[in-house]
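# Fold and contact review
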Amino acid sequence: MIRGARDKGGVDREVAAIIGRLTSSRFRSLDELHQGVREVYLSLGVEGEQLPI
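About the criteria used
- Residues numbered from 1 in each chain as written.
- Predicted model: local features only at pLDDT ≥ 70, side-chain atom pairs only at ≥ 80, totals over all residues.
- Heavy atoms only, no water.
- Core = buried A, V, L, I, M, F, W, Y, C linked by side-chain atoms within 4.5 Å.
- Buried < 20%, exposed > 50% of the residue type's maximum accessible area, 1.4 Å probe, protein only.
- Helix = DSSP H or I, 4+ residues; strand = E, 2+ residues; numbered from the N terminus.
- Contact = heavy atoms within 4.5 Å.
- Expected span 1.5 Å × (residues − 1).

## A short note on the nonpolar core
By size, the foremost hydrophobic cluster in this structure holds 7 residues: I18, L22, L33, V37, V40, Y41 and L51. The element best represented in this core is helix 3 (residues 30-43), accounting for 4 residues. With residues up to four places along the chain from it excluded, the contact list for I18 reads V37, V40, Y41 and L44.

## A short note on helix 3
Taking 1.5 Å per residue as the helical rise, helix 3 with its 14 residues ought to reach 20 Å, and the 20 Å between its terminal C-alpha atoms agrees with that figure. Each element contacted by the buried residues of helix 3 is listed here: helix 2 (13-21). Once helix 3 finishes, G45 follows within two positions and takes phi at roughly 95°, a positive value.

Put into structure tokens, the structure is as follows:
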């Protein structure tokens, strides 16, 4: 995912860092990916109301 994004104009450093922290490398749906990203932010101490996704 990161490689593809870089090929098409770049990816934000924060996005790359969050993707790198995902515990799974496969997701069955976009909702499942979103949940994984939320879990990463929560594990970093971001308040639930301040999640960017």
